[in-house]
Amino acid sequence: MKLFETITETRSFSEKARISGKTIGFVPTMGALHEGHLSLVRKAKSANDLVIVSIFVNPIQFNNPEDLKKYPRTLDKDLEMLESVGCDVVFCPGEKEMYPEKTNKSYDFGTLATVMEGAFRPGHFNGVAIVVHKLFDITLPHKAYFGEKDYQQLQIIRALVRNEKLDVEIVPCPISRETDGLARSSRNERLTPQCRRAAPYIHMVLEEAKSLAPAHTAEQIIRFVSMKFKDHPLLKLEYFSIASSETLQPVSGVILPGSYGFIAVFAGEIRLIDNIKLI
Ligand code: PAF
C-alpha cells in the first residue's frame, strides 16, 4: 500500500493508472476508520482495479471549532485497517497541501442544502463540496463511494457531479450498523459508556416510526418521535424530519413511497445522525 502526502504524487499516480487502462475507485474519509469505511473500501475493491482512500479532517466543513479540535485522529490504526482490506493508495495530505490559501469558493445547491444538516450546520455542505471536488480532481476516480448515513451529503455530492459535469460515478453504500443497531460513525468513539449504551435507542425509534408510517400521517409520526425523546435523560432530539429521498423537502400528510425519516440527536456532547426509509 502506497502512502502519499502530496497532490502531485497522487495525481501523477492516478494519471498513470488511467493511461494504462486501470479503473480507480475512491473512498474519501476523515479517518478514525471503522467497519463502515472498510465496507466501502471492499465494495470499491470488488468493482475497480485500484482503490484510493483519502484521510483528511477537512477544517472548512466544521461549523463548530470544538468539534474539529476533538474529532478523533487515529492514523496508525487507520493505515493498518486499510492495509488489511487491500487498499492500494492512501492520500493523507496536511492542511497546507489542501488549502495553501484561503478558499472562498461558493456552490449553490438550492434547497437541498438549506434543510436539516444544512440548516443546523451553516456552511457545512459548501465545505464538503469544496474538498470533495478537489479530491476528485486529485484522485481522478471512475467511481466514488459514499455511505447513506450521511444521506444529505450523498445527495449534495450527486448534485455537485451533475452541476459541475464531473466524470465520476457516485456509488451509494448502505448504512453500516453495530449489532445493537447504532449507525457506525467515527464520532461513536467519543460517546461516554452511558451514552453509548443509550444511543441504539435512536435506531429503535426510527424502526418504530417505520412500522407506523403506512397507517399514519407525517405530522403524527413526527409527534410520535418527538414524544419518544421528550423526557429521555441522555438523548436530546435536535430534529426529526420526514422528507422526500430525492429533493429532501419535508413531506406532509400521507407518507408517499420514497420518503425517509431523518434524525439528529445529541448523546451528551456528541451529535449523531441517522435515517431510515419509511415507505
Ligand atoms: O463523510 C465524510 O467523512 C466527509 O464529509 C468527506 C466526504 C470525507 C469530506 O470531508
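Just so it is clear, the model here is predicted, and its values are computed rather than measured. (Residues numbered from 1 in each chain as written. Predicted model: local features only at pLDDT ≥ 70, side-chain atom pairs only at ≥ 80, totals over all residues. Heavy atoms only, no water.)

Chemist: Help me get a handle on the overall build of the chain, residues and values and all.
Modeler: Summing up its helical and strand segments, the chain has 11 helices and 9 strands in all. Along the three orthogonal principal directions, the C-alpha set of the chain runs to about 55 × 40 × 40 Å. For the chain, the proportion of its 279 residues judged to be buried stands at 52%. Across the chain, every contact between residues at least 6 apart in sequence was considered, and the portion connecting residues at least 24 apart equals 73%. Total accessible area on the chain is roughly 13,200 Å²; 53% of this is exposed by carbon and sulfur atoms. For the chain, the distance from the average site of its 35 positive side-chain charges to the average site of its 34 negative ones is 2 Å. (Helix = DSSP H or I, 4+ residues; strand = E, 2+ residues; numbered from the N terminus. Buried < 20%, exposed > 50% of the residue type's maximum accessible area, 1.4 Å probe, protein only. Contact = heavy atoms within 4.5 Å. Areas by Shrake-Rupley, 256 points an atom, 1.4 Å probe, with all protein chains shown as cover. Lys, Arg positive; Asp, Glu negative; His and termini not counted. Charge placed at Lys NZ, Arg CZ, Asp CG, Glu CD.)

Chemist: Kindly report on the site of the ligand, identifying the contributing residues and their values.
Modeler: Close contacts around the ligand come from P28, T29, M30, N58, Q61, V131 and Q153, and that covers them all. With respect to the ligand, the side chain of Q61 contributes an N or O atom lying 2.6 Å from an oxygen atom. Here an oxygen atom of the ligand sits 2.7 Å away from a polar atom, N or O, in the side chain of Q153. For the shell around the ligand, a count of residues per class yields 3 nonpolar, 4 polar and no charged. (Near = heavy atom within 4 Å. Polar contact = N/O pair within 3.5 Å; in protein donor to acceptor, adjacent residues only side chain to side chain. Nonpolar A, V, L, I, M, F, W, Y, C, P; charged D, E, K, R; others polar.)

Chemist: Hey, could you go over the pairing of strand β7 (residues 235–244) for me, with residue numbers and the actual values?
Modeler: Each regular strand displays side chains that alternate between the two surfaces of the sheet. Of all 10 residues in β7, 7 are buried; the element is thus mostly enclosed. As paired strands, β7 and strand β8 (residues 259–267) are joined by 9 bridges and run antiparallel to one another. The partner of I242 across the bridge, within β8, is G261. (Pairing = 2+ DSSP bridges.)

Chemist: So, the pairing of strand β9 (residues 270–277): which residues are in play, and what are the values?
Modeler: Buried residues dominate β9, accounting for 7 of its 8 residues. Adjacent in sequence and paired antiparallel, β8 and β9 are bridged by 2 residues, among which G268 carries a positive phi angle near 65 degrees.

Chemist: An account of the sheet that holds β7 is requested, with residue identities and associated values reported.
Modeler: Sheets are built from strands paired through backbone hydrogen bonds, the pairs being either parallel or antiparallel. In space, the 3 strands of this open sheet follow the order β7-β8-β9, with antiparallel pairing throughout. This sheet does not close on itself; its edge strands, each paired only once, are β7 and β9. Strand-to-strand twist across the sheet, computed as the mean angle between neighbouring axes with direction ignored, equals 15 degrees. The pairing of β8 with β9 spans 8 bridges and is classified as antiparallel. Looking across to β9, one finds that G261 is bridged to I276. Along the sheet, helix α10 (residues 200–212) makes contact with β7, β8 and β9, crossing β9 at roughly 25 degrees. (Axes fitted to C-alpha atoms, helices over the stretch in contact; angles between N-to-C directions.)

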